[in-house]
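Spelled out, the chains give:
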Amino acid sequence: MNRQENLRRLEQKAPYDLIIIGGGATGCGTALDAASRGLKVALVEQNDFAEGTSSRSTKLVHGGVRYLEKAVRKLDRTQFDLVREGLHERALLLHNARHLARRLELITPLYSWHEIPYIFSGLKLYDLLAGSRRLGHSRLLSRSETLRRLPGINARGLKAGVLYYDGQFHDARLALALALSAESLGAAICNHLKVTGFLNQDGQISGVIAKDRFTAQALKLKARGVINATGPFCDQLRGLDDPQAKPLLTTSSGIHIVLDKAHFPASAGLMIPQTDDGRVLFALPWENQVLIGTTDEPAQLSEHPCPLEKEIDYLLHHLANYLAKPLTRQDIKAAWSGLRPLVSDPDAADTAELVREHLIQTSASGLVTICGGKWTTYRKMAEDCLDHALRTFPLAADHRECRTKNLAILGAFDYSDDLTRQLENDFAVAGDIADYLCRNYGDQAPKILQCSDQDARQRLHPEHPVLNAEILYSIHCEHAQRAIDVLARRTPLALIDQRAAVQSSEKVISIMAKELNWSEQRCTEERQICISRLRKAL
């Protein structure tokens, strides 16, 4: 289905039960929940699905060890409940998206004896809160075992380590899989479609006015209810409804950097429990690289925030205390920044102190806003939002109860651990390519290879397992509209190796131009956008 056909379908299906604005974790999750209950749903996003915060996380599915520490120190029941809820949702996510999410070993190296009982008891409590859903038993590691499991770690002064377990996932692919799963259940989804205003009837919102970011074509879409799930931009959208609306959010920036795996060739992740200013940092294996993050600084709203020099320095400075080999700026293969939407608390000393609990609010004109939260709890946020919408709007759902607790998303239906070997045997592809395709597409991976000629099965870049065929699949099956959509979200290339992404950009543009009949002017525009985003770290 081409762009114009999708826009026509979007208009023709109106009026909707619900229009959901925002194609990140919360919006895509809410669209899937609504569609699974039998509601007529439209999901619209001003940029690409997961282009903002939802593709810029630390890639962890977790209850939150930092929240647990605060819960114990301050006897804070809210923080305790957040951890318990996060651990419950962690188990559901790892089951429902088992191709995109998996168990991850994490190790905290300890350099002073008094830290050992404190850290170990805290992580055993983390296990206890997870109950039967725990991913493994935390245990104390000797100095020698810590060094064996974390090659490249600074050995000077090391006393011991603590091993514990959390989950890891591919955030951009998960958001897209949620949107596509909603589409498979009848939802209409459209990216690069910006809501510019609301339709009103008798003082109540009755739909949205949206503009296509490519043609400036305006669409009017009617609905019984509208949900604002735009993450850091929710206050901006609330302002379109009510210019006097008081802000609900504070935003902070979190940056990540990516290094070659040679700097930290461990299969386990490294968790630094406390920096000089009380933050938690991670060094994690991801896509055969090392992902380092994250910072937490107050930030201004921006569609494409850039990592600040001081934030990069912050990560390099603190990581230097834990790695044996010194790091320089030249070791960084990629860097990106994301904005966190934090529910406002005027009494918080800084953004690191804000509780990432979600909030649902309905305006006088009927706009439902859901904000806050974190990736791990996206499903519960969506459930709460839909339950609220059913109480607020005159909706006749086929199912009043939530159905997503055990709903496998696209890619997980027929996924098995044997799929990698099957791809190697059936399509004669290299092992790293087969593994990569299975981890990113699940049971949809064979489709990428079935219709591919020999050239399409070639690597997009010689140093990475991304294939030319993925560009075609992204266009025809995954709503990719821009070259950067492919390089940064359909594939992880721009997030792990920005130099390789720049070198591959012309090939991506060439294939997309042919498939989508782009003009030379459009190709020039795509080159400018792509290179600009990559050089500014997305």
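As a convention, each chain's residues are numbered from 1 in the sequence order in which they are written. Where totals are concerned, whole chains, interfaces and linings use all residues; where local detail is concerned, this predicted model gives features only for residues with pLDDT of at least 70, and gives and counts side-chain atom pairs only at 80 or more. With hydrogens and water stripped out, all remaining heavy atoms of the structure feed into the side-chain values.

Turning to the pairing of strand β17 (residues 359-362), a few remarks are in order. A strand pair is defined by DSSP finding two or more bridges across the two strands. Every helix listed is a DSSP run of H or I at least four residues long, and every strand listed is a run of E at least two residues long, numbered separately from the N terminus. As paired elements, β17 and strand β18 (residues 367-371) share four bridges and run antiparallel to each other. By the bridge assignment for β18, Ile360 is matched with Ile370. The loop that links β17 with its antiparallel partner β18 comprises four residues; one of these, Gly366, has a positive phi angle of about 100°.

Here we come to unusual backbone geometry. Across residues other than glycine, the phi torsion is negative in most instances, and most of the peptide bonds are trans. The step from Ala14 to Pro15 runs through a cis peptide bond, and the omega angle for that step is 5°. As for its position among the elements, Pro15 is in the loop between α1 (3-12) and β1 (16-21). Going from Gly293 to Thr294, the amide bond is cis rather than trans, its omega being 5°. When you line up the elements, Thr294 lands in the loop between β14 (289-293) and β15 (297-298). At Lys59, a position not held by glycine, the phi torsion is positive, near 65°. Note that Lys59 resides in the loop between β2 (41-44) and β3 (60-61). Of the residues examined, Lys59 reaches a relative accessible area of 0% and is grouped as buried. The backbone of Asn288 sits at a positive phi, close to 65°, despite the residue not being glycine. Mapping Asn288 onto the fold places it in the loop between β13 (281-286) and β14. For Asn288, a relative accessible area of 56% gives the class exposed. Any residue under 20% of the maximum accessible area for its type is buried, any over 50% is exposed, and the rest in between are partly exposed; the area is computed with a 1.4 Å probe on protein chains only.

Let's shift gears to helix α10 (residues 378-392). What a helix should span is 1.5 Å times the count of its residues minus one. Given a rise of 1.5 Å per residue, 15 residues ought to cover 21 Å, and the 21 Å separating the end C-alpha atoms of α10 matches this to within 8%. Three or more residues of α10 are buried, namely Tyr378, Arg379, Met381, Ala382, Glu383, Asp384, Cys385, Leu386, His388, Ala389 and Leu390.

This paragraph deals with the nonpolar core. Side-chain atoms within 4.5 Å link the members of a nonpolar core, which is a set of buried Ala, Val, Leu, Ile, Met, Phe, Trp, Tyr and Cys residues. Residues Leu18, Leu39 and Leu174 are the most contacted members of the largest nonpolar core, which totals 75 residues. Considering each element in turn, this core owes the most residues, nine residues, to helix α7 (residues 171-184). The residues contacting Leu39, other than those within four sequence positions of it, are Asp17, Leu18, Ala34, Leu386, Leu390, Leu395, Ala396 and Ala397. Judged by nonpolar contacts, the second largest core, of 41 residues, contains Cys438, Ala445, Ile471 and Val486. Any two residues whose heavy atoms approach within 4.5 Å are treated as being in contact.

A word on the side chain of Thr146. If you trace the backbone, Thr146 turns up in helix α6 (residues 143-149). Setting aside chain neighbours within four positions, we find Thr146 in contact with Ile107, Leu141, Leu158, Ala160 and Gly161.

Relative to strand β9 (residues 204-212), strand β8 (residues 193-201) is paired through eight bridges, and the arrangement is antiparallel. Bridge pairing in β9 links Phe198 to Val208. A loop of two residues connects β8 with β9, the two strands running antiparallel in sequence, and Asp202 in this loop sits at a positive phi of about 55°. When β9 meets strand β10 (residues 218-228), the two strands line up antiparallel, connected through five bridges. Looking across to β10, one finds that Gly207 is bridged to Lys222. Taking the residues between adjacent antiparallel strands as the criterion, β9 and β10 are bridged by five residues, where Ala216 takes a positive phi near 65°.

Okay, the packing of helix α4 (residues 77-96) against helix α5 (residues 115-130) next. Every axis corresponds to a line fitted to the C-alpha atoms, with the helix fit spanning only the stretch in contact, and the corresponding angles, defined between N-to-C directions, vary from 0 to 180 degrees. Following both chains from N to C, one finds α4 and α5 inclined at 65°, their axes separated by 9 Å at the closest point. Considering only the axes of α4 and α5, their crossing is right-handed. Between α4 and α5, the contacting residues are Phe80, Val83, Arg84, Leu87 and Arg90 on the first element and Leu125, Tyr126, Leu129 and Ala130 on the second. By the convention adopted, Pro, Cys, Tyr, Trp, Phe, Met, Ile, Leu, Val and Ala count as nonpolar, Lys, Arg, Asp and Glu as charged, and the other residues, Gly among them, as polar. In terms of residue class, the contact of α4 with α5 is made up of seven nonpolar, no polar and two charged. Left-handed is the label given to a crossing in which the near helix is rotated counterclockwise from the far helix by less than a right angle, and right-handed is the label when the rotation is clockwise.

Considering the arrangement of structural elements, one finds Ser55 in the loop between β2 and β3. As for Ser55 and Arg148, which are separated by 93 residues in sequence, their C-alpha atoms are 32 Å apart. Not counting residues up to four positions away in its chain, the partners in contact with Ser55 are Ala50, Asp171, Ala172, Trp336, Arg489 and Leu495. Polar contact criterion, stated in full: a pair of N or O atoms within 3.5 Å, where within protein one must be able to donate a hydrogen and the other to accept it, and residues adjacent in sequence count only if both atoms are side-chain atoms. A polar atom in the side chain of Ser55 sits 2.7 Å from the backbone oxygen of Ala50.

That is the geometry; function is a separate question.
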